[in-house]
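Now for the letters of each chain:
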Amino acid sequence: MSNKIKLQEPITINGKQIKELEYDALQITAQQFSEACARSSAIDKNKSFSFKMRENDYSLHLYLGMFAIIAVNPEIDITDLEQIKGFDVLAIADIGMLFTLRRSVAPSEESNSEEQ
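Presented here is a report on the structure given in the accompanying data block. This is a predicted model, so every value here is computed, not measured.

Some points on the pairing of strand E1 (residues 3-13)
Then comes step 1: For E1 and strand E2 (residues 16-23), the ladder comprises seven bridges, and the chain directions are antiparallel. Note that in E2 the partner of Lys4 across the bridge is Glu22.
Then comes step 2: Joining the antiparallel neighbours E1 and E2 is a turn of two residues, in which Asn14 adopts a positive phi near 50°.

Next comes the structure, spelled out in structure tokens:
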């Protein structure tokens, strides 16, 4: 089940300005998860010791969100998504955070099939 994120700050991918990205956190592969962990760890090498769990590792959340986008858009490269800025960074990190909490979407994004 794919979802979409609307970017407040469009980015350029393959010469096209992109304002919306499709994603599906449930399509993140084991390899992508491992790469997100490695990229997150690489960022922390210059910091002093800190105790991190995946639920509070914000750079891991960001990379998992990026891989949720790449999972349904294989033509997009991680370096394309590293252009993202502003509140869009937080929106993508939220995708990864929800993934680590074993949720696929935020409560406001869930569809209610049993409308009253």
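Brief notes about the pattern of salt bridges
Then comes step 1: Counted under the stated rule, the structure contains four salt bridges.
Then comes step 2: Of the charged contacts, one joins Glu20 and Lys6 as a salt bridge, the two residues approaching to 3.4 Å between their closest N and O atoms. With Glu20 in strand E2 and Lys6 in strand E1, this pair connects stretches of sequence that are 14 residues apart.
Then comes step 3: Residue Lys6 is classed as exposed on the basis of its relative accessible area, which comes to 65%.

A closer look at the environment of Ala38
Then comes step 1: Residue position: Ala38 is located in helix H1 (residues 30-43).
Then comes step 2: Remark: the alpha-carbon pair of Ala38 and Leu60, spanning 22 residues in sequence, is separated by 8.7 Å.

Some thoughts on the nonpolar core
Then comes step 1: The biggest cluster of nonpolar side chains holds 25 residues, and the ones touching the most others in it are Leu21, Met66, Ile69, Ile76, Leu81 and Ile92.
Then comes step 2: Where this core is concerned, the elements lending two or more residues are E1, E2, helix H2 (58-72), helix H3 (78-81) and helix H4 (87-100).
Then comes step 3: Ignoring sequence-local partners within four residues, the contact set of Leu81 consists of Ile11, Leu21, Met66, Ile69, Ile70 and Ile76.

Re unusual backbone geometry
Residues other than glycine predominantly adopt negative phi, and peptide bonds predominantly adopt the trans conformation.
Then comes step 1: Positive phi outside glycine occurs at Asn14, with the angle close to 50°.
Then comes step 2: With respect to the helices and strands, the residue Asn14 is situated in the loop between E1 and E2.
Then comes step 3: Judged by relative accessible area, which is 59%, Asn14 ranks as exposed.

Calculation rules
- The numbers attached to residues start from 1 for each chain and follow its sequence in the written order.
- Per-residue local features of the predicted model are confined to residues with pLDDT of at least 70, and side-chain atom pairs are confined, for both listing and counting, to 80 or more; whole-chain, interface and lining totals are unaffected and use all residues.
- Each side-chain value is derived from all of the structure's non-hydrogen atoms; neither hydrogens nor water enter the calculation.
- Only when DSSP finds a minimum of two bridges between them are two strands counted as paired.
- Under the scheme used here, helices are H or I runs from DSSP no shorter than 4 residues and strands are E runs no shorter than 2 residues, and both carry numbers assigned from the N terminus.
- The salt bridge definition used is simple: a Lys or Arg side-chain nitrogen within 4 Å of an Asp or Glu carboxyl oxygen.
- Relative accessible area decides the class of each residue, using a 1.4 Å probe on protein chains only: under 20% of the type maximum gives buried, over 50% gives exposed, and in between gives partly exposed.
- The criterion is simple. A nonpolar core is a set of buried Ala, Val, Leu, Ile, Met, Phe, Trp, Tyr and Cys residues joined through side-chain atoms within 4.5 Å.
- Contacts were defined at the residue level, with two residues in contact if any of their heavy atoms lie within 4.5 Å.

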